[in-house]
Amino acid sequence: MFESLTPAPPDPILGLTEAFNKDANPNKVNLGQGVYKDAQGNTPVLRSVKAAEARMVADEETKDYLNIAGLAAYGSLVQELIFGAENAIVQEARAVTAQTPGGTGALRVAADFIAKTKPGAQVWVSDPTWPNHPSVFKAAGLEVKSYPYFDAATNGVAFDAMLAALRAIPEGDVLLLHGCCHNPTGVDLDASQWQAIVEVVRARKLLPLIDFAYQGFATGLREDAEGVNIVAAGVPELLVASSYSKNFGLYSERVGALTLVAGSTDAAQAALSHIKTVIRSNYSNPPQHGAAIVARVLADPALRAQWEQEVAEMRDRINTMRHLFVETLNEKGVDRDFSFIARQRGMFSFSGLSPEQIKALRDRHAVYAVGSGRFSVAGMTEHNMDYLCSAIADVLNG
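Parameters at a glance
- Residues numbered from 1 in each chain as written.
- Predicted model: local features only at pLDDT ≥ 70, side-chain atom pairs only at ≥ 80, totals over all residues.
- Heavy atoms only, no water.
- Patch = residues over 30% accessible without salt bridge, like charges linked within 9 Å, V, L, I, M, F, W, Y side chains within 5 Å.
- Areas by Shrake-Rupley, 256 points an atom, 1.4 Å probe, with all protein chains shown as cover.
- Salt bridge = Lys/Arg side-chain N within 4 Å of Asp/Glu carboxyl O.
- Helix = DSSP H or I, 4+ residues; strand = E, 2+ residues; numbered from the N terminus.
- Disulfide = S-S within 2.5 Å.
- Buried < 20%, exposed > 50% of the residue type's maximum accessible area, 1.4 Å probe, protein only.
- Contact = heavy atoms within 4.5 Å.
- Core = buried A, V, L, I, M, F, W, Y, C linked by side-chain atoms within 4.5 Å.
- Pairing = 2+ DSSP bridges.
- Axes fitted to C-alpha atoms, helices over the stretch in contact; angles between N-to-C directions.
- Expected span 1.5 Å × (residues − 1).
- Parallel < 35°, antiparallel > 145°, perpendicular 65-115°, else oblique.
- Left-handed = near helix turned anticlockwise from the far one by under 90°.
- Nonpolar A, V, L, I, M, F, W, Y, C, P; charged D, E, K, R; others polar.
- Polar contact = N/O pair within 3.5 Å; in protein donor to acceptor, adjacent residues only side chain to side chain.

Trainee: Tell me about a nonpolar patch on the surface, and name the residues and values.
Mentor: A contiguous nonpolar patch, built from Met1, Phe2 and Leu5 and spanning about 450 Å² of accessible area, is present on the exposed surface. Turning to its location among the elements, Leu5 is positioned in the segment before helix H1 (14-22).

Next comes the structure, spelled out in C-alpha cells:
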C-alpha cells in the first residue's frame, strides 16, 4: 500500500528550516522558525536550566511513569505563573492542569477534549494565525472558522471588524485567542480590547481557548498574563494552552500544559477526568524531564530569580533587534516605512513583503522567511543585520 503514496507537502515552517540547513551560502539567514537565538546566532541552554538539571541528576531515584496528568507540583506552579498565587482561581482550586508534550500537545489535548465534550462546536481562530492551529483542530475532527484580526493598512489590530465577527459567532463555539506576542503578526490586544472581548464571550456563551506560548517575551511575566487574567476574571470557564519552549529555552524537551478553569472545584475535577481519558488514548502520560526542570526552577527562589533575569535578557535582545532592524533599513535608504516593527511585540512580525519578494530573498540572498511575510525577529543578530537589510533593500528596489 505504501507504493501508492505520493509525498505530502512539506510543513511551511519546519520544511523551510530543512531547506535552510541544506543551503551552502555562508551568509544565510533563517527568519522562519520561531526559535530564540542569542547574539551569536545560537539557541542557548539557560543558566538556571543547567543548574536545575545538575541537581536533578544528583537527586533522581527513578524513571517510573508519571500519572496521566503529569507532575502535580508542575501543574500547581504553572497555575501560579499564569494567574498569580493569590488569584481566587488558584485559592479556590477552580483550575486543573494537565502536563502535555509542548504547547502543540496542549492544543491537541484541548481539541480532543472539545470534540468529546462539545460535539458540533466550531473553533474560531484569528486571520492570520499560527499555520498549525487549523491542522491541530481539524485532526481532532473539529470545524475551523476564522475572524478578522490584522489590519495591513495600519499594521495593527482590525478591532472593529474583529468584534463585529465575534458577535456573530454561534453560541457555544470555541474562541481561540493569543495571550500575548500574537503569532504571526506581533500585534497584541490592549486591556480595553480584552475586556470588550470578554463581554462578547459572555453574551454569546463562547468557550475561550487562549494560546499562551510566549509569556515574558512581550513586556514581562506578569504584564504578559494581563489578557489571560482579564478573561479569567470575566468568564466562568476557559482553557489555557501554555508552552515553556521559549521562556525556558526547552524546545527539545517539549514542555507544555493545558489548564482548565471552571466555576467550581467539582466541575474542574469532573472536566479533568475527561481530559485524562483523551490523554490516555493519545500518548498515555507525559515525559518527566522538561517539566521537572520547570518545576524545580519555579520552586527555588534563587533559580527563579536567575530565570526571570534570563527571560528579561532574551526579551530585551529581541526588542533591541526590532529597533536595529528599522534603523539599518533606514540607513540602507529603504523608503518604505518599517517603523511598525519596533512597536510590535514578541518573536514575530509581519514584514509586509509579498510572497514574490520573500521568494526573491531566498533565491537571491539565502534569507529564509515564511511566504506570508512573517519574520522571526529572534533570528536577527548584530552580525547578520547589515546583510539582511541589504538583501531586503535589493529586493524592494527590484
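Moving on, there is more to tell.
Trainee: Please give an account of the state of the cysteines that cites residues and values.
Mentor: Under the counting rule described, the total for this entry stands at zero disulfides. Of the cysteine sulfurs around Cys180, a residue in no disulfide, the closest is that of Cys181, at 3.8 Å.

Trainee: If you had to explain the pattern of salt bridges to someone new, which residues and values would you point to?
Mentor: Summed over the entire model, instances satisfying the criterion amount to 13 salt bridges. With a closest N to O distance of 3.5 Å, Glu313 and Arg47 form a salt bridge. Placement of the pair is Glu313 in helix H12 (residues 301-331) and Arg47 in helix H2 (residues 47-59), with a sequence separation of 266 residues. Under the relative-accessibility criterion, Glu313 is labelled partly exposed at 36%. Exposure remark for Arg47: the relative accessible area of 45% places this residue in the partly exposed category. For Asp300, the salt bridge goes to Arg55, with nearest N and O atoms at 3.1 Å. Taken together, the residues span a long stretch of sequence, with Asp300 in the loop between helix H11 (289-299) and H12 and Arg55 in helix H2 at a distance of 245 residues. Among the ionic contacts, a cluster of salt bridges with common partners joins Arg47, Glu310 and Glu313.

Trainee: Break down the environment of Arg345 for me, citing the residues and quoting the values.
Mentor: Locating Arg345 in the fold gives a position in the loop between helix H13 (340-343) and strand S11 (348-350). Expressed as a C-alpha distance, the spacing of Arg345 and Ala85, which sit 260 residues apart in the sequence, is 26 Å. If sequence neighbours within four positions are ignored, Arg345 has contacts with Cys181, Gly186, Asp188, Ala218, Thr219 and Arg322.

Trainee: Which residues make up the nonpolar core, and what are the values?
Mentor: Among the nonpolar cores identified, the biggest contains 102 residues, and Met162, Leu175, Ile197, Phe325 and Phe375 are the most heavily contacted of them. Among the elements that make up this core, the one with the highest residue count is H12 (nine residues). Residue contacts for Met162: discarding those within four places in its chain leaves Tyr147, Pro148, Tyr149, Val157, Leu177, Leu189 and Ile197. By size, the runner-up hydrophobic cluster in this structure holds 40 residues, among which are Ala98, Ala121, Ala271 and Val370.

Trainee: Break down the sheet that holds strand S7 (residues 174-178) for me, with residues and values.
Mentor: Pairing is mixed across the open sheet formed by seven strands, whose spatial order is S2-S10-S9-S8-S7-S3-S4. Each edge of the sheet is formed by a strand with only one pairing partner; in this case those strands are strand S2 (95-101) and strand S4 (143-148). Each strand axis lies, on average, 25° off the axis of its neighbour in the sheet, ignoring direction. In the sheet, S7 pairs with strand S8 (residues 207-212) via five bridges, with the strands oriented parallel. Residue pairing for S8: Leu176 is matched across the bridge by Leu209. Each of S2, S8, strand S9 (238-243) and strand S10 (255-261) touches helix H3 (residues 72-83); the most contacted strand, S10, lies at about 70° to it. Here helix H7 (residues 159-166) sits on the sheet and contacts S4 and S7; the angle it forms with S4, its principal contact strand, is near 140°.

Trainee: I'd like to hear about helix H5 (residues 102-117), residue by residue, with values.
Mentor: An α-helical segment advances 3.6 residues per turn. Residues three or four places apart therefore align on the same side. Over its 16 residues, H5 runs 23 Å from end to end, which matches the ideal 22 Å to within 8%, given 1.5 Å per residue. Taken together, the buried positions of H5 are occupied by Gly102, Gly103, Gly105, Ala106, Leu107, Val109, Ala110, Ala111, Asp112, Phe113 and Ile114.

Trainee: Which residues make up the packing of H5 against helix H10 (residues 265-280), and what values go with them?
Mentor: To characterise two packed helices, one gives the angle between the axes of the helices and the distance between these axes. At a minimum axis distance of 9 Å, the contact between H5 and H10 shows a crossing angle of 115°. Of the possible angle classes, the one that applies to H5 and H10 is roughly perpendicular. For the pair H5 and H10, the sense of crossing is right-handed. Residue-level contacts link Val109, Asp112, Phe113, Lys116 and Thr117 of H5 to Ala271, His274, Ile275, Thr277, Val278 and Ile279 of H10. Here the residues of the contact of H5 with H10 sort into six nonpolar, three polar and two charged.

Trainee: Describe in detail the side chain of Gln122, supporting the description with residues and values.
Mentor: Relative to the helices and strands, Gln122 resides in strand S3 (residues 122-127). Within the structure, Gln122 has its side chain in polar contact with the side chain of Asp173 (distance 2.8 Å). Dropping the residues within four chain positions of it, Gln122 is found in contact with Glu143, Lys145, Pro170, Asp173 and Val174.

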